[in-house]
Amino acid sequence: MPLTTENARRLLEQDHDVTEVTQGGNAMGHYLEARLTDGRAVQIDFHDNPAWKDTDRLAGRIEVSYANRPQAEWQYDDNDMADREHTVIDPADPAAGKTLAKAVEGWERAGGLHTARAAGTSHLAANQPPEEYAYRWRKPGDPDRHIAYLSTAFDRDQAMKARENAGYVVTKVDEDPAVLYEQHRKASCMRASHILERYESPDQDAVRILHGIVGEVNAHDPENDIATYLAYPSDKAVQIAGDGLTSADIAEKREMGGWDPRKDPLMHINAQGDWTGITQQQADQIVWDNRDEILTRASYDSELSTWTLHQLDQLKEPQPTQSLDRDRPEPDHKAPAQADSTTKRHGPRL
């Protein structure tokens, strides 16, 4: 799923070090500005103004820039913007959300902010599995306990102090964070699977998370058949999924699958390896219908980001009117079979 203004804003609003997200427009297109708790800011320009598509060198890209103060407080001097290289993101890249998250977290850390990081990242940060230190935190009176993983004891202690000063209850973790992460990953995926079983229709937040998991697990292991659930923007499909294929190969896959990039917004690779055209709604339905399998594969991905776990931990039980028939069988959480060397590849390395 391409990174859009809407889902980028949703990620920013979930970041505990972001106090406000504003949306606006300029000559290049739409932008978001996130104000951080220490008064600095991050601006995300989407470069989506069609009038500039032939002259804007970043047309169709997302640009992340870093400011020492939000625009409303600019003094129009050299101190408004930070002397930090901008981050440019391709919104069609399956890892675009993680890249944005990492960029935001980097600027937060540059100013001494060390928040709890449980896909995404600040929480936005696409943290890799922990190696050293962790702590738990929660709001007073809130039974939910969140786990944050840090790379050094200093980072952990600073993060705990910041959370405590903000009114949270914090507890240092004595267990081996690597073991804790393993347990956390499996428990989060199983809990999410049980929650989503109870929905009678697709939940949009869950669908977004599932798309992210598919892209992340596939990036970690391109041989994994989870790539069957990927969908590619039609204007980027040949570039992304056609890597290593000849023009004749691509033409054959288009003919067999019926994909028409002029009409179809997305391209999907079916079980036979042919390229078919689908809508966003169909792409969402694919991951929703296969949510149990996707979450099972995620539970066995030892590189699954702590941000993804954080997002799974935030999933809520459906309201009573949304509950599914409880007679639906519970998902079978067996370890996915390892793909052998003859398994057909899907996606970018097909």
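Residues numbered from 1 in each chain as written. Predicted model: local features only at pLDDT ≥ 70, side-chain atom pairs only at ≥ 80, totals over all residues. Heavy atoms only, no water.

Colleague: Can you tell me about the pattern of salt bridges, naming the residues and giving the values?
Modeller: Inspection of every chain in the model, using the stated rule, returns nine salt bridges. Here Arg-35 ties to Glu-73 by a salt bridge, and the two come within 2.9 Å at their closest N and O atoms. One end of the pair, Arg-35, is in strand β2 (residues 29-36); the other, Glu-73, is in the loop between β4 (62-67) and β5 (87-89), with 38 residues separating them in the sequence. Residue Glu-182 is joined to Arg-185 by a salt bridge in which the shortest nitrogen-to-oxygen separation is 3.1 Å. With Glu-182 and Arg-185 both in helix α4 (residues 177-196), this residue pair falls three residues apart, about one helical turn. Shared partners join several salt bridges into a network, and the residues in it are Glu-6, Arg-10, Asp-205 and Arg-208. (Salt bridge = Lys/Arg side-chain N within 4 Å of Asp/Glu carboxyl O. Helix = DSSP H or I, 4+ residues; strand = E, 2+ residues; numbered from the N terminus.)

Colleague: Describe the packing of aromatic side chains, listing the residues and the values that go with them.
Modeller: All told, the structure shown has three aromatic pairs when counted by the stated rule. Ring geometry for Tyr-66 against Trp-107: centres 5.6 Å apart, planes inclined by 50°, an arrangement best described as tilted. One end of the pair, Tyr-66, is in strand β4; the other, Trp-107, is in helix α2 (residues 96-110), with 41 residues separating them in the sequence. Comparing Tyr-66 with Trp-107 shows no difference in burial state: the two are buried. Between Tyr-199 and Trp-288 the ring centres are 6.4 Å apart and the planes differ by 85°, which places this aromatic pair in the edge-to-face class. Of this pair, Tyr-199 sits in the loop between α4 and α5 (204-220) while Trp-288 sits in helix α8 (residues 280-289), and the two are 89 residues apart along the sequence. In this pair, the class of Tyr-199 matches that of Trp-288, namely buried. Here the basic side chain of Arg-84 rests over the ring of Tyr-66, its NZ or CZ set 5.0 Å away from the ring centre. In this structure, Arg-291 is placed above the aromatic ring of Trp-288, and the distance from its NZ or CZ to the ring centre is 4.2 Å. (Phe/Tyr/Trp six-rings, centres within 6.5 Å; stacked < 30°, edge-to-face > 60°. Buried < 20%, exposed > 50% of the residue type's maximum accessible area, 1.4 Å probe, protein only. Lys NZ or Arg CZ within 6 Å of the ring centre and 35° of its normal.)

Colleague: So what's going on with the packing of α4 against helix α10 (residues 306-313)? Residues and values would help.
Modeller: Contact geometry of α4 with α10 gives a least axis separation of 9 Å together with a crossing angle of 40°. Between α4 and α10, the crossing angle belongs to the class labelled oblique. Seen along the crossing, α4 lies across α10 with a hand that is left-handed. Residues Tyr-181, His-184, Arg-185, Ser-188, Cys-189, Arg-191 and Ala-192 of α4 form the contact with α10, whose participating residues are Thr-306, Leu-309, Leu-312 and Asp-313. A per-class count over the contact of α4 with α10 returns five nonpolar, three polar and three charged. (Axes fitted to C-alpha atoms, helices over the stretch in contact; angles between N-to-C directions. Parallel < 35°, antiparallel > 145°, perpendicular 65-115°, else oblique. Left-handed = near helix turned anticlockwise from the far one by under 90°. Contact = heavy atoms within 4.5 Å. Nonpolar A, V, L, I, M, F, W, Y, C, P; charged D, E, K, R; others polar.)

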